[in-house]
Amino acid sequence: MIYLDSNATTQVQPAVLEAMLPYLQDQCYNPSSGYRAAKGVKEALSQAREQVAALISAQPEEIVFTGCGTESNNAAILSLAHSVSPEKRVIVTSAIEHSAVLRVCEHLEGFQVHLVGVDEGGRLDLEAWERAVSSEGVAFATLMWANNETGVIQPLKEACALAHKYNVPFHTDAIQAIGKTVVDARESDVDYLSISGHKFHAPKGVGALYIKKGLPFEPLLLGGGQEGGRRSGTENVASIIGMGKAAELVMEQCGEKLKNIQSLRDLFENTVLNGLEGVHVNGDPEHRAGNTSHLSFDDCEAAGLLVLLDEYGVACSAGSACMTGKQRPSHVQKAMGFSDRYARSSLRISFSILNTKQEALKGAQQLIKAVKKLRKVQGSGGVGSVMVYTS
Ligand SMILES: *Cc1c(COP(=O)(O)O)cnc(C)c1O
């Protein structure tokens, strides 16, 4: 299978697995144990903390390991909601956030959620953002660094500076930005920042939260007091060490590999654009992550395309995670002003450093074949259930 869905998750790189293995085998000690053998595990955890901190230009003490990116977002947002003064009851965020931000904000009782819109390229409307963060009673702001559906990189530094101009604390979900653009916690001046291992070739089920030195934090999990009391629970040692190694690899590989990924994406996109009429590239061309291609096809439903592509051995996603025949536009597509019809014809194709040129070419050829086949069936009056196209 050709895997072109790296914004959903990535494969653990061999060097990452190699770094992890001892901690699943003979080095399985609890890092909190007192004997000498456990000290080595504790030291390995410290090293991973340094590696993750270095990845985002933070200090090791500013990193808390978590169980996933969703947990990092939840912990940051819930802590912010609990630590602000009670007359501040407005949360400012964007209309294109991941559900791991939107659902948490909606869940907070007594808070009002102000969703700031984006332009048709999927980029935050900074003027509307400033109006929102400067209004009365804002508790905190949260904005994603890069969008998971479109790959569009947001004006993060500007949005953070505007929040701070009005003394509004700022969190960012940087989960899709790692390995795709420079993520610098210090320079961007964010207060809280979430990352997730499995989006950059570490295992699933491990993440980290950056908490700027000196800022308040109320833990989500209470218990044994691990992570300096900020996240109880025995550390997921092997995965944390894997995430440390993956962070190191991202830093080593960043410039050159980023260009490689982008050239694969461009090869793929150009092949599709040359091979088909009626293809539209979505997302602000100046601010797209180099690994993501978000495309819409005239007269062609994404749901049917996904079924065919699966049959042809290509894995990618619809613009939304919803893959049923009655696919509805995602909140991201709606925020970008897509019509239902346009949204229903959109696909997300996302690459990683593990993809090859052959895969990019083959993937494009299979996609061209699928679109042509589907248009022919639809053109001949075969529109209806997507199941029509599976035989
Ligand atoms: C994947 C993702 C998450 C969730 O991270 P998990 O580690 O899967 O919980 C949150 N936000 C964005 C933007 C993501 O892409």
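Computed from a prediction, not measured in an experiment: that's the story for all the values here.

Considering the site of the ligand
Then comes step 1: In the vicinity of the ligand, 13 residues are found, and the nearest of them are T70, D173, Q176, S196 and K199.
Then comes step 2: T70 is positioned with one of its side-chain polar atoms (N or O) 2.5 Å from an oxygen atom of the ligand.
Then comes step 3: H198 has a polar side-chain atom sitting 2.8 Å from an oxygen atom of the ligand.
Then comes step 4: Burial of the ligand by the surrounding chains reaches 90%, relative to a free accessible area of 380 Å².
Then comes step 5: The biggest single contributor to the shell around the ligand is helix 3 (residues 69-83), with 3 residues.
Then comes step 6: When grouped by side-chain class, the residues that make up the shell around the ligand number 3 nonpolar, 8 polar and 2 charged.

Considering the confidence of the model for the protein
Then comes step 1: Looking at the protein, pLDDT values average 94 and 95% of them are 70 or higher.
Then comes step 2: Counting interchain partners and residues more than four positions distant, the pLDDT-below-50 stretch residues 382-391 has 19 contacts.

Considerations on the environment of I211
Then comes step 1: Inspection of the secondary structure assignment puts I211 in strand 8 (residues 207-211).
Then comes step 2: By relative accessible area, I211 is classed as buried at 3%.
Then comes step 3: Between the C-alpha atoms of I211 and E62, which are 149 residues apart in sequence, the distance is 5.1 Å.
Then comes step 4: When sequence neighbours within four positions are dropped, the list of residues in contact with I211 reads E62, V64, D191, Y192, P216, F217 and R230.

Notes on a positive patch on the surface
Then comes step 1: Residues K362, K369, K373 and K376 make up a contiguous surface patch of positive charge.
Then comes step 2: Along the chain, the position of K362 falls in helix 12 (residues 357-379).
Then comes step 3: In this structure K362 comes out as partly exposed when scored by relative accessible area, which is 41%.

Description of the packing of helix 8 (residues 237-275) against helix 12
Then comes step 1: Following both chains from N to C, one finds helix 8 and helix 12 inclined at 30°, their axes separated by 9 Å at the closest point. Relative to helix 12, helix 8 is oriented roughly parallel. In the packing of helix 8 onto helix 12, the handedness of the crossing is right-handed. Counted together, L264, L267, F268, T271, V272 and G275 of helix 8 and K357, A360, L361, G363, A364, L367, I368 and K372 of helix 12 form the full contact between these two elements.
Then comes step 2: Of the residues assigned to the contact of helix 8 with helix 12, the class counts are 9 nonpolar, 3 polar and 2 charged.

What counts, and where the lines are drawn
Residues numbered from 1 in each chain as written. Predicted model: local features only at pLDDT ≥ 70, side-chain atom pairs only at ≥ 80, totals over all residues. Heavy atoms only, no water. Near = heavy atom within 4 Å. Polar contact = N/O pair within 3.5 Å; in protein donor to acceptor, adjacent residues only side chain to side chain. Areas by Shrake-Rupley, 256 points an atom, 1.4 Å probe, with all protein chains shown as cover. Helix = DSSP H or I, 4+ residues; strand = E, 2+ residues; numbered from the N terminus. Nonpolar A, V, L, I, M, F, W, Y, C, P; charged D, E, K, R; others polar. pLDDT = per-residue confidence, 0-100. Contact = heavy atoms within 4.5 Å. Buried < 20%, exposed > 50% of the residue type's maximum accessible area, 1.4 Å probe, protein only. Patch = residues over 30% accessible without salt bridge, like charges linked within 9 Å, V, L, I, M, F, W, Y side chains within 5 Å. Salt bridge = Lys/Arg side-chain N within 4 Å of Asp/Glu carboxyl O. Lys, Arg positive; Asp, Glu negative; His and termini not counted. Charge placed at Lys NZ, Arg CZ, Asp CG, Glu CD. Axes fitted to C-alpha atoms, helices over the stretch in contact; angles between N-to-C directions. Parallel < 35°, antiparallel > 145°, perpendicular 65-115°, else oblique. Left-handed = near helix turned anticlockwise from the far one by under 90°.

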